[in-house]
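Below are the chains, spelled out letter by letter.
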Amino acid sequence: MANVVVVGAQWGDEGKGKIVDWLSERADVIARFQGGHNAGHTLVVGGEVYKLHALPSGVVRRGKLSVIGNGVVLDPWHLAREIASIREQGVEITPETLMIAENTPLILPFHGELDRAREEQNSVAKIGTTGRGIGPAYEDKVGRRVIRVSDLSDDRTLEVRVDRALVHHNALRAGLGLEPVDRDALIADLRAIAPEILQYAAPVWKVLNEKRRAGRRILFEGAQGALLDIDFGTYPYVTSSNVIAGQAATGTGIGPSAIDFVLGIVKAYTTRVGEGPFPTELDDADGQRLGERGHEFGTTTGRKRRCGWFDACLVRQSCAISGVTGIALTKLDVLDGFETLKICTGYELDGERMDHLPTAADSQARCTPIYEEMPGWSQSTEGARSWADLPAEAIKYVRRVEELIECPVALLSTSPERDDTILVTDPFAD
Ligand code: GDP
Ligand code: IMO
Ligand code: MG
């Protein structure tokens, strides 16, 4: 049976939520494996809009198991609020439909405070984070002082873990001019939220391996995108986790041999939220038009997304790093009506042509894109559900994208609606 990993191939917001929701009809289990509620995944089903941050996009389909893997960082209070709000939309969430890995690290309120204090106080090093405490929580995981889901089940362990974390955090807070954390209040809050979280806790690695052996199909849902990866992204303007396909294995406890298809999600142009280099960024009327037609405002923070032409050089790099088998090309409809479209095929740096984005931040910032131009199309592609509905120029654009990124298109998306999707190759096919 095929298992599929979905990953973003740009700077996030490629439309992963829509594609995961569409694919989840064919899957039995949908698992998040990294990131946290910095993600914002939007699904539109028959006009009803669902915005998911910590919950996997599979929750809206009945009878599927949604999993939060150990590679995620989880804010328990946020999760409780998200569950309550999604239930109000008629979605059923029970310990039978949601499972959280026992070894998942928790995001605590002081992580968010630290994240925001750093962003506010140090404008030189501003990353433009979502302010959700993601970076500080991952720092604590690697620093061996994070509190994990399983720690919630024992009062004594919880106290020891909190004390260990606070030795570090109170020293940091003093340096930033923040009050020390109220230890007893934090422990009381954690004890109060514990039953809410523990009802979903499970050894996810074991459950997933049993499901796999029983021939169930697992869909791994990535957050963010390859250019935000902690190792391969535009460092330091990145998120604090590995977001590429290899992380699906370590972030859930299933071996890499379980992964049969890596689906890269690729927007037909480029966007980015937050600071950092962006070679094809547009400050002109074309950029404005992409932002307006694409409704490019962040799902999590509401910030305006920066917009630019499609960067084939970057996507080729992302596809290589994640071992992408095929891509889902989204938001093709946003390009309707442009007379001419530009595609970046490489960069110029100090008089030389580059066929990849260099690693040094300074060089990244100085790369200027080399473009080729293609004719646009005047007809609408919005809502198209078959190749036959696409104008010839749109098909040529898609074919050229495939050539330049050296990867075939498996799916095409032409509107936010679940069913406005064209299937070329089924990632779940054996
Ligand atoms: P994600 O973070 O990768 O899940 O993407 P977001 O949900 O943050 O942002 C993608 C936005 O584009 C959402 O508002 C989607 O509803 C919307 N979207 C997804 N696919 C398409 C598409 O093919 N066409 C258009 N016009 N919008 C789309
Ligand atoms: P989805 O899953 C787009 C960006 C932030 C910031 C950087 C670090 O919806 O694609 P963080 O809060 O993670 O420490 O912020 O990463 N970022 C995203 N940009 N989509 C996302 O998720 C993002 N998650 C984080 O804007 O630049
Ligand atoms: Mg998003």
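Looking up the protein in an unreviewed UniProt entry gives the name Adenylosuccinate synthetase, with the organism given as Roseivivax sediminis. On record in UniProt, under Subcellular location (unreviewed entry), the comment for the protein is "Cytoplasm". In its Subunit (unreviewed entry) section, the UniProt record describing the protein reads: "Homodimer."

Visitor: Would you mind showing me how to read the site of ligand 2 here?
Guide: Of all residues adjacent to ligand 2, which total 20 residues, the nearest are Asp13, Lys16, His41, Thr130 and Thr239. Note that an oxygen atom of ligand 2 is positioned 2.8 Å from one of the backbone N or O atoms of Asp13. The fraction of the free accessible surface of ligand 2 (550 Å²) that becomes covered by protein chains is 98%. Most atoms of ligand 2, that is more than half of them, are within 2 Å of grid points of the largest pocket. Class assignment for the residues of the shell around ligand 2 results in seven nonpolar, 10 polar and three charged.

Visitor: Could you clarify how one ought to interpret the state of the cysteines in this entry?
Guide: Two cysteines, two sulfur atoms, one covalent bond between them: this is a disulfide. Tallied over the entire structure, the rule returns zero disulfides. Summary of cysteine pairing: Cys307 is not part of a disulfide, and the nearest cysteine sulfur, belonging to Cys344, is at 16 Å. For Cys307, a relative accessible area of 5% puts it in the buried group. Of all cysteine sulfurs, the one in Cys344 lies closest to Cys313, which takes part in no disulfide; the gap is 5.8 Å. The class of Cys313 is buried, set by a relative accessible area of 1%.

Procedures and definitions
- Each chain has its residues counted from 1, running along the sequence as written.
- Whichever chain is written first becomes A and whichever ligand is written first becomes 1, with later ones labelled in order.
- Side-chain atom pairs in this predicted model are given and counted only at pLDDT of 80 or more, local residue features only at pLDDT of at least 70, and totals for whole chains, interfaces and linings cover all residues.
- Water and hydrogen atoms play no part in the side-chain values, which are based on all heavy atoms of the structure.
- UniProt positions are given in the numbering used here, feature names are shortened, and annotations may be inferred rather than shown by experiment.
- We define proximity as follows: a residue is near a molecule or strand when any one of its heavy atoms falls within 4 Å of that partner.
- For the purposes of these results, a polar contact is taken to be a pair of N or O atoms within 3.5 Å, where, inside protein, one atom must be able to donate a hydrogen and its partner to accept one; residues adjacent in sequence count only when each atom of the pair is a side-chain atom.
- Residue-level accessible areas treat just the shown protein chains as cover; the underlying method is Shrake-Rupley with a 1.4 Å probe.
- With a 1 Å grid spanning the protein atoms alone, the term cavity applies to any set of points in which a 1.4 Å probe fits but cannot get out, the term pocket to an open set with protein on both sides within 12 Å along at least five of seven lines, and the term lining residue to any residue with an atom within 4 Å of a point.
- Put plainly, a molecule is in a cavity or pocket when over half of its atoms are within 2 Å of the grid points there.
- Each residue gets one of three labels, nonpolar for Ala, Val, Leu, Ile, Met, Phe, Trp, Tyr, Cys and Pro, charged for Asp, Glu, Lys and Arg, and polar for the others, Gly among them.
- When two cysteine sulfur atoms lie within 2.5 Å, the pair is treated as a disulfide.
- Note on exposure labels: buried denotes an accessible area under 20% of the residue type's maximum, exposed denotes more than 50%, and partly exposed covers the range between, all computed with a 1.4 Å probe on protein chains only.

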